[in-house]
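Structure assessment
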Amino acid sequence: MKKLLLPLLCGAFAAGVMLWLGTPQAEAVKRFKDEFEAKYVKPDSKDPNERALADAAAKAKCLICHEGKRKKNRNAYGKALAELLDRKKDRDNQEKIRAALDDVAKKKSNPDDADSPPFGDLIAGGKLPGGEPK
């Protein structure tokens, strides 16, 4: 029994390390999401656009700024925010996060299309700023 214990423990440890290393580390910053929600998401609102955004944001979660299965992939809104915020340096800077949300709201949702609405107009219309999650 004792002869089996050491190999079993070593195997369990190795498996745990491999699982931990193989787990994708999230690029999303919870504080960024929380500030977005504090600013824009109003689930108790009577306004249909605000309710629509609240429902969409609840379903999208991290896909408000990201796309696909890897959190390193950002949609247009996430890319615009990434130009202004560093996920490591700015994660606790509430003022900078709020200022970035305000600045990005004024930017065109498609920088290659002069007729595209600003991100803020999409949000005010009850739509996710980065489009429907992919």
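These figures come from a predicted structure and were not determined experimentally. (Residues numbered from 1 in each chain as written. Predicted model: local features only at pLDDT ≥ 70, side-chain atom pairs only at ≥ 80, totals over all residues. Heavy atoms only, no water.)

Once that is clear, we can look at the confidence of the model for the protein. Taken as a whole, the protein shows an average pLDDT of 86; of its residues, 79% reach a score of 70 or greater. Per-residue pLDDT stays below 50 along residues 21-27; that stretch engages in 6 contacts with residues further than four places along the chain or on separate chains. (pLDDT = per-residue confidence, 0-100. Contact = heavy atoms within 4.5 Å.)

Since the α-helix turns once every 3.6 residues, residues separated by three or four places project in the same direction. Phe32, Glu35, Phe36 and Tyr40 are the residues of helix 2 (residues 30-40) that are buried. The buried side chains of helix 2 occupy one side of the element, clustering within an arc of 105° when seen end-on. Away from its buried face, by an angle of more than 90 degrees, helix 2 presents the exposed residues Lys30 and Ala38. In this structure, the buried side of helix 2 is in contact with helix 3 (48-60), helix 4 (76-84), helix 5 (94-105) and helix 6 (119-124). (Buried < 20%, exposed > 50% of the residue type's maximum accessible area, 1.4 Å probe, protein only. Helix = DSSP H or I, 4+ residues; strand = E, 2+ residues; numbered from the N terminus. Arc of directions from axis to C-beta.)

Glancing now at the packing of helix 2 against helix 5. Taken N-terminus to C-terminus, the directions of helix 2 and helix 5 make an angle of 60°; their axes are 10 Å apart at the nearest point. On the basis of their axis angle, the class for helix 2 and helix 5 is oblique. Of the two elements, helix 2 crosses helix 5, and the hand of that crossing is right-handed. Contacts between helix 2 and helix 5 involve Arg31, Phe32, Glu35, Phe36, Lys39 and Tyr40 on the former and, on the latter, Gln94, Ile97, Arg98, Leu101, Asp102 and Ala105. (Axes fitted to C-alpha atoms, helices over the stretch in contact; angles between N-to-C directions. Parallel < 35°, antiparallel > 145°, perpendicular 65-115°, else oblique. Left-handed = near helix turned anticlockwise from the far one by under 90°.)

The subject of this paragraph is the nonpolar core. Soluble, globular proteins show a tendency: their nonpolar side chains are buried together. Counting 25 residues, the largest nonpolar core has Phe36, Tyr40, Ile64, Tyr77, Leu81, Leu101 and Leu128 as its most contacted members. Listed by contribution, the elements that provide at least two residues to this core are helix 2, helix 3, helix 4, helix 5 and helix 6. In contact with Tyr77, not counting residues within four places along its chain, are Phe36, Tyr40, Ile64, Cys65, Leu101, Val104, Phe119, Ile123, Pro129 and Gly130. (Core = buried A, V, L, I, M, F, W, Y, C linked by side-chain atoms within 4.5 Å.)

Inspection of the secondary structure assignment puts Ser116 in the loop between helix 5 and helix 6. At 3.0 Å, the side chain of Ser116 and the backbone oxygen of Asn110 are in polar contact. Separated by 2.9 Å, the side chain of Ser116 and the backbone oxygen of Asp113 make a polar contact. Setting aside its immediate chain neighbours within four residues, Ser116 contacts Lys108, Ser109 and Asn110. (Polar contact = N/O pair within 3.5 Å; in protein donor to acceptor, adjacent residues only side chain to side chain.)

On to unusual backbone geometry. A positive phi angle, near 50°, is found at Lys61, a position not held by glycine. In this structure, Lys61 sits in the loop between helix 3 and helix 4.

Interhelical geometry of helix 4 versus helix 5 gives an angle of 130° and a closest axis separation of 10 Å. The angle between helix 4 and helix 5 places the two elements in the oblique class. Note on packing geometry: the crossing formed by helix 4 with helix 5 is right-handed. Across the interface between the two elements, Tyr77, Ala80, Leu81 and Leu84 from helix 4 touch Lys96, Ala100, Leu101, Asp103 and Val104 from helix 5. Residues of the contact of helix 4 with helix 5, tallied by class, amount to 7 nonpolar, no polar and 2 charged. (Nonpolar A, V, L, I, M, F, W, Y, C, P; charged D, E, K, R; others polar.)

Considering all chains together, one arrives at 8 salt bridges under this definition. A salt bridge links Lys39 to Asp102; the shortest N-O distance between them is 2.7 Å. One end of the pair, Lys39, is in helix 2; the other, Asp102, is in helix 5, with 63 residues separating them in the sequence. With a shortest N-O distance of 3.9 Å, Lys42 and Glu50 are connected by a salt bridge. Look at Lys42 and you get partly exposed, because its relative accessible area is 36%. Among the charged side chains, a network of salt bridges with common partners joins Arg31, Glu35 and Arg98. (Salt bridge = Lys/Arg side-chain N within 4 Å of Asp/Glu carboxyl O.)

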